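Examining the three-dimensional arrangement
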Amino acid sequence: MGDMTKFNSAIEYYIFNVLLMCLLISEIFIFFYTRSKQNRTEKIDTRDLGTKWLLYLNFVFCLIISFLCISQKAPFCIRELTLPAYFAKIGMLIIAVGICIRI
């Protein structure tokens, strides 16, 4: 997935892809786990159902935007943008910490 030339090494590219897949799997797991937990409880709190769905839609919307920004449909200046290497390392660290916090 993506363009390997945007990363400094193949190792960073594969680490990013593994972390992204772990993030997606953990979000899907959390979604189904909390949904099954709601089905088991008798009383469902209906005051805050909109916030949960807004978070899900925001997650999907951000993924769609990130995929569109690396596709050929993206403007040339965005497609050719390469950030310094430490941005990738910081981003991968934030993804890993986020997965640990959410699970």
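Notes on the structure follow. (Residues numbered from 1 in each chain as written. Predicted model: local features only at pLDDT ≥ 70, side-chain atom pairs only at ≥ 80, totals over all residues. Heavy atoms only, no water.)

**Here's the deal with the overall build of the protein chain**
Within the protein chain, the secondary structure is distributed over four helices and zero strands. Counting helices and strands in the order they occur from the N terminus, the protein chain gives α-α-α-α. Classification of the 103 residues of the protein chain by burial places 17% in the buried group. Of the contacts formed within the protein chain by residues at least 6 apart in sequence, a portion of 59% connects residues at least 24 apart. (Helix = DSSP H or I, 4+ residues; strand = E, 2+ residues; numbered from the N terminus. Buried < 20%, exposed > 50% of the residue type's maximum accessible area, 1.4 Å probe, protein only. Contact = heavy atoms within 4.5 Å.)

**Some thoughts on the environment of L20**
Mapping L20 onto the fold places it in helix 1 (residues 10-40). In this structure, the C-alpha to C-alpha distance between L20 and A96, residues 76 residues apart in sequence, is 9.1 Å.

**So, the nonpolar core**
L19, L20, L23, M92, I95 and I99 together form the largest nonpolar core, which totals six residues. When contributions to this core are tallied by element, the ones reaching two or more residues are helix 1 and helix 4 (85-102). Ignoring sequence-local partners within four residues, the contact set of L19 consists of M92, I95, A96 and I99. (Core = buried A, V, L, I, M, F, W, Y, C linked by side-chain atoms within 4.5 Å.)

**Things to note about the packing of aromatic side chains**
The description of two aromatic rings rests on the distance between their centres and on the angle between their planes. Tallied over the full model, the rule gives five aromatic pairs. Judged by centre distance (5.1 Å) and plane angle (75 degrees), the rings of F31 and F32 are edge-to-face. Between F31 and Y56, the ring centres sit 4.9 Å apart and the planes meet at 85 degrees, which makes this aromatic pair edge-to-face. Residue F31 is found in helix 1, and its partner Y56 is found in helix 2 (residues 49-70); the two are separated by 25 residues along the sequence. The pair F31 / Y56 is uniform in exposure class, with both members buried. Following the ring pairs from residue to residue traces out a cluster consisting of F31, F32 and Y56. (Phe/Tyr/Trp six-rings, centres within 6.5 Å; stacked < 30°, edge-to-face > 60°.)

**Focus: the pattern of salt bridges**
For side chains bearing opposite charge, pairing can occur when the charged atoms are close. Per the stated rule, a full pass over the model turns up one salt bridge. Among the salt bridges present, the one from E12 reaches K89, with a minimum N-O distance of 2.6 Å. Residue E12 is found in helix 1, and its partner K89 is found in helix 4; the two are separated by 77 residues along the sequence. A relative accessible area of 9% places E12 in the buried class. When its relative accessible area of 47% is taken as the criterion, K89 is described as partly exposed. (Salt bridge = Lys/Arg side-chain N within 4 Å of Asp/Glu carboxyl O.)

**Digging into helix 4**
Its 18 residues place the ends of helix 4 26 Å apart at the C-alpha level, agreeing with the 26 Å of an ideal helix rising 1.5 Å per residue. Along helix 4, the residues classified as buried are M92, I95 and I99. Take helix 4 and look down its axis: the buried residues cluster within an arc of 55 degrees, on one side only. Counted as exposed and oriented over 90 degrees from the buried face of helix 4: L93, I94, C100 and I101. (Expected span 1.5 Å × (residues − 1). Arc of directions from axis to C-beta.)

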